[in-house]
Amino acid sequence: MLVLGIESTCDETACSIVHNGREILSNVVSSQINLHAQYGGVVPELACQRHVDVLIPVIDEALKTAKISLADIDLIAVANGPGLIGALLIGLNAAKALSLALDKPLIGVNHIEAHLYAALMSHPNIHTFPCLGIVLSGGHTSLFHLEEIGKHTVIAKTVDDAIGEAFDKVAKMLGLSYPGGPIIETMARQGDPSQYKFRAGQVKGSPMDFSFSGLKTAVLYGIQGRTLTESDKCNVAAAFQEAALTDVVRKTLIAAKHQNCKTLLFGGGVTHNKRLRQLFAEAAPELTQLWPAEGLSLDNAAMIAGLGYHLYNKRGNGDGLHLEPFTR
Ligand code: KG4
Ligand code: ZN
């Protein structure tokens with residue numbers, strides 16, 4: 001079964017062709033990073049304009065790379081949420097138009113769930129379920145108990161900022177460009193985390209929930225009114241990163257124990273961070289840790305097409321043209 005996946009939830013326009021949920025024939029991502037960098041974050045109106053401009057060329061390129069034509073497609077999968085409403089509508093309406101024109105089924109895929117499926121695509125032969133899913137991205141920070149593909153319960157989530165958002169905001173405070181995550185990681189490698197005492201927030205009565213807005217404010221107070229040298233900035237980046245990542249590791253391991261999960265499944269842009277992977281490897285060598293492969297951790301459409309294949313086969317039917325977008 002050949003699935004064409006479309007992703008347009010935020011600031012990446014992507015299309016991918018995936019065979020039988022696993023074999024990636026093409027994975028085209030048009031990133032809008034340069035467009036939004038000057039504003040220090042995603043500007044929804046600009047994101048939408050760019051999606052409109054590039055979506056059809058991106059679909060064409062995905063088909064060309066996969067060496068197939070639209071007539072070969074068996075199913076159209078689209079990320080219908082969560083995300084920016086305008087951005088979602090563009091991908092969703094393109095998917096509906098393709099479904100109608102080709103007379104092929106359409107299926108909506110949850111973007112967050114797809115981030116977790118990305119790690120499964122990278123490790124097809126490992127028996128994983130039940131497992132603990134950890135999604136760390138610019139919009140989400142959540143822990144899930146996964147019984148099987150498409151069947152999950154939320155265990156914990158952030159009560160304020162997402163972890164990637166905190167990386168981006170701290171980078172902005174330090175005068176660094178967007179997205180902040182990769183730059184903070186690079187600077188942190190040269191910094192000394194012990195120079196600043198930062199801690200991520202604890203949520204009263206919910207020991208596994210996350211809170212990063214206090215950490216962000218602590219960084220602001222730590223640097224306010226001072227002229228920072230490059231080395232100061234590296235120390236701030238290191239201390240912030242260590243506080244944010246150790247908090248994720250600690251809460252994840254509490255959840256894994258609580259849920260009796262022996263496998264951790266990671267997804268989302270922040271899982272690109274090497275220090276995070278190192279901390280998990282050191283803290284829990286006894287647990288199987290599945291990370292997305294290169295090209296599958298940041299937003300992409302291969303994960304949408306891959307998960308769409310499984311959801312369609314499980315349900316035995318698609319969603320139809322009444323499929324709605326959802327923002328949260
Ligand atoms: O999953 P993603 O591409 O988009 C969302 O669905 O949000 O994640 C983007 C987020 C951004 O906040 C970015 O700063 C963060 O992932 N990120 C990182 C790293 N690479 C990307 N955060 C920390 N370390 C990294 N190496
Ligand atoms: Zn994402």
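Throughout what follows, the structure given in this document is the object of discussion. (Residues numbered from 1 in each chain as written. Chains lettered and ligands numbered in written order. Predicted model: local features only at pLDDT ≥ 70, side-chain atom pairs only at ≥ 80, totals over all residues. Heavy atoms only, no water.)

## Regarding the overall build of the chain
Turning to step 1, where the next piece is worked out: Secondary structure summary: the chain contains 10 helices and 12 strands in total.
Turning to step 2, where the next piece is worked out: When the backbone C-alpha atoms are referred to their principal axes, the chain occupies close to 60 × 45 × 35 Å.
Turning to step 3, where the next piece is worked out: Buried positions account for 54% of the 328 residues belonging to the chain.
Turning to step 4, where the next piece is worked out: Considering only residue pairs separated by 6 or more positions, the chain has 73% of its internal contacts joining residues 24 or more positions apart. (Helix = DSSP H or I, 4+ residues; strand = E, 2+ residues; numbered from the N terminus. Buried < 20%, exposed > 50% of the residue type's maximum accessible area, 1.4 Å probe, protein only. Contact = heavy atoms within 4.5 Å.)

## Here we look at the pairing of strand 2 (residues 12-19)
Turning to step 1, where the next piece is worked out: Taking burial as the measure, the 8 residues of strand 2 include 7 buried ones, the bulk of the element.
Turning to step 2, where the next piece is worked out: Where strand 1 (residues 2-7) lies against strand 2, 6 bridges are found, and the strand directions are antiparallel. Directly across from V3, in strand 2, lies its bridge partner V18.
Turning to step 3, where the next piece is worked out: Hairpin remark: strand 1 followed by strand 2, antiparallel, with 4 residues in the connecting loop.
Turning to step 4, where the next piece is worked out: Both strand 2 and strand 3 (residues 23-31) contribute to a ladder of 8 bridges, which runs antiparallel. If you follow V18 over to strand 3, its bridge partner there is I24.
Turning to step 5, where the next piece is worked out: Where strand 2 folds back onto strand 3 in an antiparallel hairpin, the turn is made up of 3 residues, including N20, whose phi is positive at roughly 50°. (Pairing = 2+ DSSP bridges.)

## Observations concerning the packing of aromatic side chains
Turning to step 1, where the next piece is worked out: One pass over the full model with this rule turns up 6 aromatic pairs.
Turning to step 2, where the next piece is worked out: Note on F167 and F240: the rings are 4.9 Å apart at their centroids and 75° apart in plane angle, and the pair reads as edge-to-face. Note that F167 is positioned in helix 5 (residues 163-173) and F240 in helix 8 (residues 230-259), a separation of 73 residues in sequence. F240 carries the same exposure label as F167, and that label is buried.
Turning to step 3, where the next piece is worked out: Note on F210 and F212: the rings are 6.0 Å apart at their centroids and 10° apart in plane angle, and the pair reads as stacked. As far as burial versus exposure is concerned, F210 and F212 are alike and both buried.
Turning to step 4, where the next piece is worked out: Ring pairs connect the aromatic residues F266, F280 and W291, which therefore count as one cluster. (Phe/Tyr/Trp six-rings, centres within 6.5 Å; stacked < 30°, edge-to-face > 60°.)

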